[in-house]
Amino acid sequence: MSEHTTIRLSNARRSYNGRVAVSDASLTLKAGRITALLGPSGSGKSTILRMIAGLEPLDGGSLHAGETLLADTRSSVPPEHRDIGLVFQDYALFPHLSVADNVAFGLKGSKKDRRAQAIEWLAHVKLADRADSWPHMLSGGEQQRVALVRALARKPRAILLDEPFSGLDRHLKSEVRRSLIDTLRASGTTVLIVTHDAEEALMMADDLVLMDKGVILQAGSPQDCYKHPSSISAARLLGEAEVLKARIQNGSATTAFGSIPCNLADGTGWLMARPETIHTSPAREGAKVTAIAFGGTFCELTLEKDGQSLRLRTPATTLKVGDTASIRFDEATTCVYADVNG
Ligand code: ADP
Ligand code: MG
């Protein structure tokens, strides 16, 4: 078995026909942990995954597994010698092989021994009884689990998954996601999951990396990235963000709706608050409620003041359209950015 190693991509660059897809990206996949790389479509996520797997050359920078150099601009260990497993978006099972043979493919040992290993792996994902089915007889979620154990069975030093849940129905997604994460954790493998789904990334990651337009914006724990995004772009990647123009003066940032303490230099800037952290109380004067929408587990209120609008979410409200309310921003989770950052 290979040791599960830390994988380090340093200052990696990749362009296609003169267009930069990844510029100066550094990221670390820590041994035995799940890293999620989150970014919108076209931001360069798959390019990074393919560089780590060895399917894409580096135009700059380097890639190491532990102390071992896997690639730089002059040399590259071929993919089959990197000992890194890949699970693609479309699962890519061999259609002409049974489920058990898909998993047994590439394993060492006698035919009988390889089948026994395959069935043991399938049992981990509750599919031992489908060992002799053909891939097309399985649901999307089941195929996904087979693709995962096929990669894990070879005990790679790391496993990379590219948008592994995007082909699944919403109701199936959370169930498949949970069982896949359990299997990955139990394996102790170093894992990179690439996704454009913020909730998915937040829920699965030990370590989160945010990416946009070929650039890594931030790396940290899911909580840190969500509560203290490094920029408004990073904040927007992770979920709903209300952004208001602010005047920063004498240690506080003031918007049309209210102010919070802030330690930036005097000037103009932007306040960013998550809609679920903005609180209202009925008041004779203040912001006017212009719309209330029912979202099931929450109500969404739209408020207006001085020609600006603000949306917030609350489990329940006694306010009605036309009422006025005062607004309070949560000091612990509301962020202020100086103008250059916007
Ligand atoms: P993501 O996985 O985040 O959606 P990609 O890494 O696939 O993003 O792509 C990043 C950028 O590089 C996109 O603009 C994409 O069109 C471009 N790109 C990716 N692969 C190729 C390729 N083989 N040839 C030309 N352009 C490519
Ligand atoms: Mg992609």
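None of the values given here were measured: they were computed from a predicted structure.

What about the pairing of strand S5 (residues 68–71)?
Okay, step 1: Strand direction decides the pairing type here: strand S4 (residues 60–65) and S5, joined by three bridges, are antiparallel. For His 64, the partnering residue across the bridge sits in S5 and is Leu 69.
Okay, step 2: In this structure, the hairpin formed by S4 and S5 is closed by a connection of two residues, where Gly 66 is found at a positive phi of approximately 60°.

What about the packing of aromatic side chains?
Okay, step 1: Going through the model one piece at a time under the given rule, you end up with one aromatic pair.
Okay, step 2: Its guanidinium or amino end placed over the ring of Phe 94, Arg 150 lies 4.8 Å from that ring's centre, counting from NZ or CZ.
Okay, step 3: Positioned over the ring face of Tyr 226 is Arg 274, at 4.1 Å from the centre of the ring.

What to know about the site of ligand 1
Okay, step 1: Taken together, Tyr 16, Arg 19, Ala 21, Pro 40, Ser 41, Gly 42, Ser 43, Gly 44, Lys 45, Ser 46 and Thr 47 are the residues near ligand 1.
Okay, step 2: Here Ser 46 contributes a side-chain N or O atom positioned 2.8 Å from an oxygen atom of ligand 1.
Okay, step 3: One of the side-chain nitrogen or oxygen atoms of Thr 47 is found 2.5 Å away from an oxygen atom of ligand 1.
Okay, step 4: The protein chains hide 60% of the 570 Å² of surface that ligand 1 would expose on its own.
Okay, step 5: Looking at which element gives the most residues to the shell around ligand 1, the answer is helix H1 (residues 45–53), with three residues.
Okay, step 6: Partitioning the shell around ligand 1 into residue classes produces three nonpolar, six polar and two charged.

Some details on the domain arrangement of the protein chain
Put simply, an interface is often sized by how much accessible area is lost when its parts join up.
Okay, step 1: Domain annotation of the protein chain identifies domain 1 (7–237) and domain 2 (242–338).
Okay, step 2: Taken together, the contacts link nine residues of domain 1 with nine residues of domain 2.
Okay, step 3: A combined buried area of about 780 Å² lies between domain 1 and domain 2, and 60% of that area is made up of carbon and sulfur atoms.
Okay, step 4: Seen at the junction of domain 1 and domain 2, the total is zero salt bridges.
Okay, step 5: At the surface where domain 1 touches domain 2, the tally comes to four residue pairs in polar contact (both at pLDDT 80 or more).
Okay, step 6: Listing elements by their share of the side of domain 1 that touches domain 2, those giving two or more residues are helix H7 (222–227) and helix H8 (232–238).
Okay, step 7: The element contributing the most residues to the side of domain 1 that touches domain 2 is H8, with three residues.

Notes on unusual backbone geometry
Okay, step 1: Notably, Asp 83 is not glycine yet its phi reads approximately 65°, a positive angle.
Okay, step 2: A positive phi angle, near 55°, is found at Lys 126, a position not held by glycine.
Okay, step 3: For Lys 126, the location among the structural elements is in the loop between helix H3 (111–124) and helix H4 (140–153).

Comments concerning the pattern of salt bridges
Okay, step 1: Taken as a whole and judged by the stated rule, the model has 17 salt bridges.
Okay, step 2: Here Glu 199 ties to Arg 177 by a salt bridge, and the two come within 3.6 Å at their closest N and O atoms. One end of the pair, Glu 199, is in helix H6 (residues 198–204); the other, Arg 177, is in helix H5 (residues 170–187), with 22 residues separating them in the sequence.
Okay, step 3: Note that Glu 200 and Arg 177 form a salt bridge whose closest N and O atoms lie 3.6 Å from each other.

Rules used in this analysis
Residues numbered from 1 in each chain as written. Chains lettered and ligands numbered in written order. Predicted model: local features only at pLDDT ≥ 70, side-chain atom pairs only at ≥ 80, totals over all residues. Heavy atoms only, no water. Pairing = 2+ DSSP bridges. Helix = DSSP H or I, 4+ residues; strand = E, 2+ residues; numbered from the N terminus. Phe/Tyr/Trp six-rings, centres within 6.5 Å; stacked < 30°, edge-to-face > 60°. Lys NZ or Arg CZ within 6 Å of the ring centre and 35° of its normal. Near = heavy atom within 4 Å. Polar contact = N/O pair within 3.5 Å; in protein donor to acceptor, adjacent residues only side chain to side chain. Areas by Shrake-Rupley, 256 points an atom, 1.4 Å probe, with all protein chains shown as cover. Nonpolar A, V, L, I, M, F, W, Y, C, P; charged D, E, K, R; others polar. Domains from an automatic or database assignment. Contact = heavy atoms within 4.5 Å. Buried area = accessible area lost by both parts, 1.4 Å probe. Salt bridge = Lys/Arg side-chain N within 4 Å of Asp/Glu carboxyl O.

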